[in-house]
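Notes for the structure review
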Amino acid sequence: VCSSDLVDNDQYQRSVIESLRIIAGLRKSRNWNIEVRLYDKLPLFRLMFIDGWLCLVSHYVYGEGGDGSELPQLFVSVEGRRVKASLFFAFERYFNTLWEGSESWDFESYLE
């Protein structure tokens, strides 16, 4: 959980726990293939990849409140095969580096 002088840390922690509770419930009740990873350091960007051709990007801003929906969004797509010179490839590589260096969150022990 991120520490910030501008956001109530207890409220932030409650929000994260509630989000994880919802994700765990979806995974269990709908048998969705969801994996959550925990990072030692905050990533620079939020990245969501859809169907191998679209990447949704926004940056993290802590201490401002809100849910992040007011932040600028970047939509990066590739058509056809992936081109290593594309922004999509760069964001995907950044994401994979973070993913490989993170800790997998254990849904089962959390649900007990």
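See the structure printed just above.
Description of the structure in this document. (Residues numbered from 1 in each chain as written. Predicted model: local features only at pLDDT ≥ 70, side-chain atom pairs only at ≥ 80, totals over all residues. Heavy atoms only, no water.)

Thoughts on the overall build of the protein
Note the following rule: Elements are defined by DSSP. Helices are runs of H or I of four residues or more, strands are runs of E of two residues or more, and each kind is numbered from the N terminus. Three labels apply to residues, based on accessible area from a 1.4 Å probe with only protein chains included: buried if under 20% of the type maximum, exposed if over 50%, partly exposed otherwise in between. Should any heavy atoms of two residues lie within 4.5 Å, those residues are counted as being in contact. Computed with a 1.4 Å probe, the accessible areas rest on the Shrake-Rupley method; for each residue, only the protein chains presented here act as cover.
The secondary structure content of the protein amounts to three helices and five strands. Along the protein, helices (α) and strands (β) appear in the sequence α-β-β-β-β-α-β-α when read from the amino end. Counting every position in the protein, which comprises 112 residues, the buried fraction comes to 21%. Within the protein, residue pairs in contact and separated by at least 24 positions form 50% of the contacts whose partners lie at least 6 positions apart. Surface summary for the protein: the accessible area is close to 8,600 Å², and the carbon and sulfur share equals 51%.

Considerations on the environment of Leu44
With respect to the secondary-structure elements, Leu44 resides in the loop between strand S1 (37-38) and strand S2 (45-50). Note on Leu44: relative accessible area 57%, which makes it exposed. Leaving out residues up to four positions away in the same chain, Leu44 has contacts with His59, Tyr60 and Tyr94.

So, the pattern of salt bridges
Short version of the rule: For this document, the term salt bridge refers to a Lys or Arg side-chain nitrogen within 4 Å of an Asp or Glu carboxyl oxygen.
If you walk through the whole model with that rule in mind, you get two salt bridges. When the shortest N-O distance is used, the salt bridge between Arg21 and Glu18 registers 3.2 Å. In this pair, Arg21 and Glu18 both sit in helix H1 (residues 9-30), three residues apart, roughly one turn of the helix. Given a relative accessible area of 46%, Arg21 falls into the partly exposed group. Note on Glu18: relative accessible area 38%, which makes it partly exposed.

Some details on the nonpolar core
Put simply, the test is: Joining through side-chain atoms within 4.5 Å is the link that ties buried Ala, Val, Leu, Ile, Met, Phe, Trp, Tyr and Cys residues into a set, and such a set is a nonpolar core.
If you look at the biggest cluster of nonpolar residues, it comprises seven residues: Leu47, Cys55, Val57, Val76, Val78, Phe88 and Phe91. Secondary-structure elements contributing two or more residues to this core are strand S3 (54-59) and helix H2 (87-100). Apart from residues no more than four positions distant in its own chain, Val57 is found in contact with Phe45, Arg46, Leu47, Pro72, Gln73, Leu74, Val76 and Phe91. By size, the runner-up hydrophobic cluster in this structure holds five residues, among which are Leu20, Ala24, Val36 and Phe107.

With respect to H1
Residue pairs spaced three or four apart in an α-helix point in one direction, given the helix's 3.6 residues per turn. Put simply, the rule reads: Residue count minus one, scaled by 1.5 Å, sets the expected span of a helix.
In a regular helix each residue adds 1.5 Å, so 22 residues correspond to 32 Å; H1 covers 31 Å between its end C-alpha atoms and thus fits that length. Positive phi appears at Asn31, one or two residues downstream of H1, with a value of about 55 degrees.

Description of the packing of aromatic side chains
Going by this rule: Between 30 and 60 degrees the pair is tilted, below 30 it is stacked and above 60 it is edge-to-face, where a pair is any two Phe, Tyr or Trp rings, Trp via its six-membered ring, whose centres lie within 6.5 Å.
The final tally for this structure, using the stated rule, is six aromatic pairs. Centroid distance Phe95 to Trp99: 5.5 Å. Interplanar angle 25 degrees. Geometry classified as stacked. With a gap of four residues between them, Phe95 and Trp99 both fall in helix H2, about one helical turn apart. Under the relative-accessibility criterion, Phe95 is labelled partly exposed at 21%. Chaining the aromatic ring pairs together yields one cluster made of Phe49, Phe88, Phe95 and Trp99.

Concerning the sheet that holds S3
What links the strands of a sheet is backbone hydrogen bonding, and the strands pair in either a parallel or an antiparallel sense. Defined as follows: Note on pairing: two strands pair once DSSP finds at least 2 bridges between them. Angles shown run from 0 to 180 degrees and are taken between the N-to-C directions of axes, each axis being a line fitted to C-alpha atoms and, for helices, limited to the stretch in contact.
Spatially, the three strands line up as an open sheet ordered S2-S3-S4, and their pairing is antiparallel. The strands lining the two open edges of the sheet, one partner per strand, are S2 and strand S4 (74-77). Across this sheet, the average inter-strand angle for adjacent strands is 20 degrees, counted without regard to direction. Sheet analysis places S2 next to S3, joined by six bridges and oriented antiparallel.

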